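Residue-level structural notes
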Amino acid sequence: MKNKHLKLISCAFMASLFSLSSCVDNDYDLTEDIDLTIQVGGSEFAIPGGQTDSIKLSKVLDIDTNGIIKTDKEGNYYLLQESNENDGSTKISVAEFSVYAPYIAPVYIDPEITLPTLGGGVQLPSGERYDVKLEQDKYHANFNQTLNQDNGLPKELTSASYIEVALPVSLDFSLNQDMELVDVIRLDKISIQFPKYLISDDLSDGTLSIDMQEASKSRSYHRAITITAIDLSKLDSDGKEGTGIKDGKLDIKGTVTINGKISVLSDDINPNASSNQVDLIVKVQMGDMLVSAVTGVVEPEITINIDPVKLSDLPDFLSDEQVVLDVQNPMVFFRANNQTPVKAIVDGVISSYKVNEDGSKDQLGDPQYPVTFHIEMDKAQDQQFCLSPNRPENLAGATWVPVEHLSTLITKIPDEFHFDVTAVASKEPTTIKLGTDTDYEIATSYEVNVPFVFGDNLSIVYKDTVDGWNSDLKDYEIKMVQATANVINMIPLGLNFTAEALQLDAQGKSVPLDEVSVVVKVNGDKDGVIAAGTKQTPTDSPLVVEITELKSGAVKKLDGLAFKAVAVSKGKSGQQLNENQALLLKNVRLKVPGGVKVDLN
């Protein structure tokens, strides 16, 4: 990364040298018999002082707008890495299941009819009706439906209070062909009581009414209804009607009771019958019961796989091994669009890694303090969670989830974040449609968001190289150059500068020049730090850069300088790094003790 502002001192140095050679009149040929080696400056050559404009961080850092370092509308820096849309999408379903039809024994209704006379061929008066009231609750049919996980009950169903079903039920009233008394029986008013937990549009409070119908030896009476639901909450408490769905088993019992009144007409009675008993057969049949929805505790398996977050295209100032990213409140925003009818309980562990050249990974953070989190995804909700050590000021609709030790994962900037997540369904009752064609989805995505509000131990590194000097400096002999300035710092970071002399090797590559010493002093100290400041309280630090040749003529080899600036936050905890923060150089002066010897030949 190149930046002209941080090259100011070196450029000033170069400008002074170039100004010497520009004084030569090119109309004269000075290469003929004239020694053009001159001495400029005597014991000391100096350039008067000046100052720069404010040098903003936005110009110094020169951040790629398409990279992972962003600025908000106030100019505050933050790191942002987002996942792909619906990166952790998962689907759940619970299969439909059927309960086989139970066997229900026929009901034989065989009351005697009181007649004035019977037998001997005596014909009864025409048009007479003889009624029989069925004895209360005498005639009934029992059924029992069971199912367990071994023969089809889904293991995800823990318990249920209500199930939606398709259960066909048929009733057939027929006469015993061997009955002598009559060939036809009138069903004047029949009341068939089903268990009240059976729900059907054909039933009223569990009762099916049949009025003014008839059954004969030649034609039975048939009635069909459909049970659409079973309200298991209405099962009796003593277990006589079963236990519903519980402990991996479906158990439903019931009784169908037939009450009411039947009759025969005198014109239908056989005068030669030997008995006045009727013989009506009622068959109650239930088909296979298909269960399509359940209300209750449903615990489907939930698997959420999240791909690693990879931090790529880091800017240079965050890529150095010396960088320590001590920030106060890194955040992970976790979005969960739970379109299932089941609340999901999620526990996770976040870890970070440096990836080595051979592909191996070194885990970062403190193994004694794993970074864990716990969230609850409400059913049929699109939610966002903010995972961070401290509660942010503006959550913008997100739910804050406190996560300790998250900062330890980025002290050394990782190459990857990993999210290991386990999810289970809650035990809260819910209603879920069954069937593999009814897939419910949980879509997850996330972003790593790190505002540059730093703690006491932040350290970022800026490096720059100024080169291309050799073609000009080969004509100069200089023992020492001393550049001085006052650095007015309005950046809330202390700055430590170092520099190294560079030369070109035989292949034209920049390599260190050990024959030239470069010393940077702040406040007279070689390892001094330019004090951190703010716009309201800027600091003023004297800066000296000394370039000294250690071997005669070494400066002629000098091709440039490699600068390194280490910015530290010690003593300035809680400050926000902002692109508008700046520094400027005042009283910039260049001194050349011993002067400059220029070879103009």
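Structural notes, computed from the coordinates.

Thresholds, definitions, all that
Residues numbered from 1 in each chain as written. Predicted model: local features only at pLDDT ≥ 70, side-chain atom pairs only at ≥ 80, totals over all residues. Heavy atoms only, no water. Phe/Tyr/Trp six-rings, centres within 6.5 Å; stacked < 30°, edge-to-face > 60°. Helix = DSSP H or I, 4+ residues; strand = E, 2+ residues; numbered from the N terminus. Buried < 20%, exposed > 50% of the residue type's maximum accessible area, 1.4 Å probe, protein only. Contact = heavy atoms within 4.5 Å. Salt bridge = Lys/Arg side-chain N within 4 Å of Asp/Glu carboxyl O. Core = buried A, V, L, I, M, F, W, Y, C linked by side-chain atoms within 4.5 Å. Pairing = 2+ DSSP bridges. Axes fitted to C-alpha atoms, helices over the stretch in contact; angles between N-to-C directions.

**Overview of the packing of aromatic side chains**
One pass over the structure, following the stated rule, counts three aromatic pairs. Ring geometry for Phe-173 against Tyr-221: centres 6.0 Å apart, planes inclined by 50°, an arrangement best described as tilted. You can see Phe-173 sitting in strand β11 (residues 157-175) and its partner Tyr-221 sitting in strand β15 (residues 221-231), a full 48 residues away along the chain. For the pair formed by Phe-173 and Tyr-221, the shared burial category is buried. Note on Phe-334 and Phe-373: the rings are 6.3 Å apart at their centroids and 45° apart in plane angle, and the pair reads as tilted. Residue Phe-334 is located in strand β21 (residues 331-338), and its partner Phe-373 is located in strand β24 (residues 371-377); the two are separated by 39 residues in the primary sequence.

**Here's the deal with the side chain of Thr-430**
If you trace the backbone, Thr-430 turns up in strand β28 (residues 430-433). When residues no more than four places from it in sequence are discounted, the contact partners of Thr-430 are Val-294, Thr-295, Gly-296, Val-298, Pro-341, Val-342 and Lys-379.

**Some remarks on the pattern of salt bridges**
Across all of its chains, the model carries 21 salt bridges by this definition. Lys-343 is the salt-bridge partner of Glu-428, the closest N and O atoms lying 3.3 Å from each other. Remark: Lys-343 occurs in the loop between β21 and β22 (344-355) and Glu-428 occurs in the loop between β27 (416-425) and β28; sequence separation between them is 85 residues. You can call Glu-428 partly exposed: its relative accessible area is 44%. With a closest N to O distance of 3.9 Å, Lys-551 and Glu-515 form a salt bridge. Taken together, the residues span a long stretch of sequence, with Lys-551 in the loop between β36 (539-549) and β37 (560-568) and Glu-515 in the loop between β34 (510-512) and β35 (516-522) at a distance of 36 residues. Through salt bridges with shared partners, a single ionic network connects Arg-129, Asp-131, Asp-188 and Lys-261.

**Observations concerning the nonpolar core**
Counting residues in each nonpolar core, the largest one holds 159 residues, and the members touching the most others are Phe-173, Ile-192, Phe-194 and Phe-452. At nine residues, β11 tops the list of elements feeding residues into this core. Membership of the second largest hydrophobic core comes to five residues, among which are Phe-333, Cys-386, Leu-395 and Ala-398.

**Describing the environment of Pro-168**
Note that Pro-168 resides in strand β11. Overall, the relative accessible area of 42% leaves Pro-168 in the partly exposed class. C-alpha of Pro-168 to C-alpha of Thr-228: the two residues are 60 residues apart in sequence and 8.8 Å apart in space. With residues up to four places along the chain from it excluded, the contact list for Pro-168 reads Ile-225, Gln-285, Met-286, Gly-287 and Asp-288.

**Some points on unusual backbone geometry**
Trans is the common state for peptide bonds, and a negative phi is the common state for residues other than glycine. Positive phi is not limited to glycine here, since Asp-247 has a value of about 55°. By the secondary structure assignment, Asp-247 is in the loop between β16 (244-246) and β17 (249-265). Of note, Ala-380 is a non-glycine position whose phi angle comes to about 55°, a positive value. One can find Ala-380 in the loop between β24 and β25 (381-388).

**Examining the sheet that holds strand β33 (residues 494-504)**
With antiparallel pairing, four strands are arranged side by side in an open sheet as β30-β37-β33-β34. Here the strands that pair on one side only, and so sit at the sheet edges, are β30 (459-466) and β34. Across the sheet, the mean angle from the axis of one strand to that of its neighbour is 35°, orientation sign disregarded. As paired strands, β33 and β34 are joined by three bridges and run antiparallel to one another. Opposite Leu-504, over in β34, you have Ser-510 as the bridge partner.

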